[in-house]
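Okay, here's what each chain looks like letter by letter:
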Protein chains: 2
Amino acid sequence: MGRKAHFHNSDFLDAAIQIIAEGGPGALTIAALAVRIHAPVGSVYHRFPSRDALLAEVWLGIIESFQDDFIRKLEEDGLAATLACLHWVRQHPAEARILLLHRMQDLTTGRWPPELQKRARRLEKDLHEAVIAFIKREFGKVTPENTDRAIFALYDAPLGIIRRYLSNSQVPPATVADLLRETYNAVMPKAKSR
Amino acid sequence: MGRKAHFHNSDFLDAAIQIIAEGGPGALTIAALAVRIHAPVGSVYHRFPSRDALLAEVWLGIIESFQDDFIRKLEEDGLAATLACLHWVRQHPAEARILLLHRMQDLTTGRWPPELQKRARRLEKDLHEAVIAFIKREFGKVTPENTDRAIFALYDAPLGIIRRYLSNSQVPPATVADLLRETYNAVMPKAKSR
DNA sequence: GCAGTATTGGAGCAATCGCTCTAAGATGTC
DNA sequence: GACATCTTAGAGCGATTGCTCCAATACTGC
């Protein structure tokens, strides 16, 4: 069945995450990636059709990891989802740097392979549905103002403060949770939370 | 005294801001910049020693513009400074995209010219002093927790929600101010605000 | 051992980019 | 008009990068 593989796809993806987290998207050259895991550039292109496709997989993997935690908590409790952001960042510092400090558009330049586009749409849909269900549960009905309010409490506020720490190459301290809790309670309706 | 200049430094800086706001830092090539204002590449290097130096000037100009408004308001009132973020973004959408969607480290790769380093240190010092003065005024004394609390209310929360709009190429609506006010009041001590 | 195949290994190509360099054009001074 | 000076003008160089291509290698089934 042919030669046994010396590397795995995840070796390349993990190394790519580390390189981007350390030096930004510009640092991720194919040569740098290959050197990092002592692989030839041919092996990179044996697994990934292009640098863009590799970066797309990196990005999707990160989103999946984050969103998985986030949505699961969100189905139970909004505040828990807010704090899940903090928890995920502390558990995945390199991935968090990429997710919070860069945008997908600045990583990949070309079009994505169809299969990855499908995965991306799936993730978007999952998140959207979970958020809409949450808003209905907490506010009764979905309006632009309610949506903004919820996304701010769940997402913008935690990621906003966490971003500052990551930008300074620090992990956000546990005390950040207090600020997020106070913000959540101030902005979300009182009735159902807790 | 020699040939009359056809272009001004600000022509190049303004065009650079537009290009980065539209296409990210990667879109700002010297050729693209030159084409944009129908100038030869030689004229770019006649004014700026390098691409990095040009980007550094772009970045510093944006920071100066933002910080000028922010500090002036902060000296009077914290909530006003929070809302000043929102106001500045609505007035300077292209600059805001650069400031909020990218990091200085990802724009420039090399070392800055000494004169620009000096300006950058000056800006940092001004901001730091204004924030420290504000914290003393509002909390009585400066602790890590108080500092975090103040920066969250003044800076992380507004920029966090604004970032989402800019990322979708939208200008944040006025209703965002309500959320920021509620957050500010929830997180900052009650006594002095207002 | 031999054929077939999956993978490694890396030289090198084509394109792009930052930047240099030299010539030409325009303006002021005498 | 001669000269000095500042600026435009853009051809092209060196370096880097994504990617291709082909040979070598190691494994499986017979």
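Everything discussed here concerns the structure shown above.
A brief look at the structure comes next. (Residues numbered from 1 in each chain as written. Chains lettered and ligands numbered in written order. Predicted model: local features only at pLDDT ≥ 70, side-chain atom pairs only at ≥ 80, totals over all residues. Heavy atoms only, no water.)

Thoughts on the protein's contact with DNA strand C
- As a structural note, the neighbourhood of DNA strand C is formed by 23 residues, with Gly2(A), Arg47(A), Met1(B), Arg3(B) and Arg51(B) the closest of them.
- Here a base oxygen of DNA strand C sits 3.4 Å away from a polar atom, N or O, in the main chain of Gly42(A).
- The side chain of Arg47(A) places a nitrogen or oxygen atom 2.6 Å from a phosphate oxygen of DNA strand C.
- For the surface near DNA strand C, the secondary-structure elements that each account for two or more residues are α3 (41-47) of chain A together with α3 (41-47) of chain B.
- Among the elements that make up the surface near DNA strand C, the one with the highest residue count is α3(A) (five residues).
- For the surface near DNA strand C, the per-class residue count stands at ten nonpolar, eight polar and five charged. (Near = heavy atom within 4 Å. Polar contact = N/O pair within 3.5 Å; in protein donor to acceptor, adjacent residues only side chain to side chain. Helix = DSSP H or I, 4+ residues; strand = E, 2+ residues; numbered from the N terminus. Nonpolar A, V, L, I, M, F, W, Y, C, P; charged D, E, K, R; others polar.)

Looking at the environment of Ile19(B)
Residues and elements named next belong to chain B.
- Residue placement: isoleucine 19 occurs in helix α1 (residues 9-23).
- As a C-alpha pair, isoleucine 19 and glutamine 67 span 48 residues in sequence and 22 Å in three-dimensional space.
- Those residues in contact with isoleucine 19 that sit more than four places away from it in its chain are Gly24, Ala27, Leu28, Ala32, Leu33 and Arg36. (Contact = heavy atoms within 4.5 Å.)

Re the side chain of Ser43(A)
All names here are of chain A.
- Here serine 43 is to be found in helix α3.
- Among the residues examined, serine 43 registers a relative accessible area of 16% and is labelled buried.
- Ignoring sequence-local partners within four residues, the contact set of serine 43 consists of Phe7 and Phe12. (Buried < 20%, exposed > 50% of the residue type's maximum accessible area, 1.4 Å probe, protein only.)

As for the side chain of Thr108(B)
Residue and element names in this part refer to chain B.
- In this structure, threonine 108 sits in the loop between α7 (104-107) and α8 (114-139).
- Only 3.2 Å separates the side chain of threonine 108 from the side chain of tryptophan 112, close enough to count as a polar contact.
- Among all residues touching threonine 108, those that are not within four sequence positions of it are Asp52, Leu55 and Ala56.

Here we look at the protein's contact with DNA strand D
- Close to DNA strand D lie 23 residues; Met1(A), Tyr45(A), Arg51(A), Gly2(B) and Arg47(B) are nearest.
- Among atoms of DNA strand D positioned within 4 Å of the protein, sugar and phosphate together represent 68%.
- The contact in question runs from a phosphate oxygen of DNA strand D to an N or O atom on the side chain of His46(B), over 2.9 Å.
- Elements with a contribution of two residues or more to the surface near DNA strand D: α3 of chain A together with α3 of chain B.
- At five residues, α3(B) tops the list of elements feeding residues into the surface near DNA strand D.

Looking at the layout of surface pockets
- A volume near 590 Å³ is recorded for the second largest pocket.
- Lining the second largest pocket we find 32 residues, and of these Pro25(A), Asp106(A), Pro25(B), Gly26(B) and Asp106(B) sit closest to its centre.
- Of all the secondary-structure elements, those providing two or more residues to the lining of the second largest pocket are α1 (9-23), α6 (93-101) and α7 (104-107) of chain A together with α1, α6 (93-101) and α7 of chain B. (1 Å grid on protein atoms, 1.4 Å probe; cavity = no way out; pocket = protein on both sides within 12 Å on 5 of 7 lines; lining within 4 Å. Points joined across faces, edges and corners; volume = space filled by probe spheres on them.)

What about the interface of chain B and chain A?
- Listed per partner, the contact involves 28 residues of chain B and 27 residues of chain A.
- Counting every contact that joins chain B to chain A gives six salt bridges.
- One salt bridge connects Glu182(A) with Arg149(B), and the closest N-O pair in it is separated by 2.7 Å.
- Linking chain B with chain A are ten residue pairs in polar contact (both at pLDDT 80 or more).
- Listed by contribution, the elements that provide at least two residues to the side of chain B that touches chain A are α6, α7, α9 (144-167) and α10 (176-187) of chain B.
- Among the elements that make up the side of chain B that touches chain A, the one with the highest residue count is α9(B) (13 residues). (Salt bridge = Lys/Arg side-chain N within 4 Å of Asp/Glu carboxyl O.)

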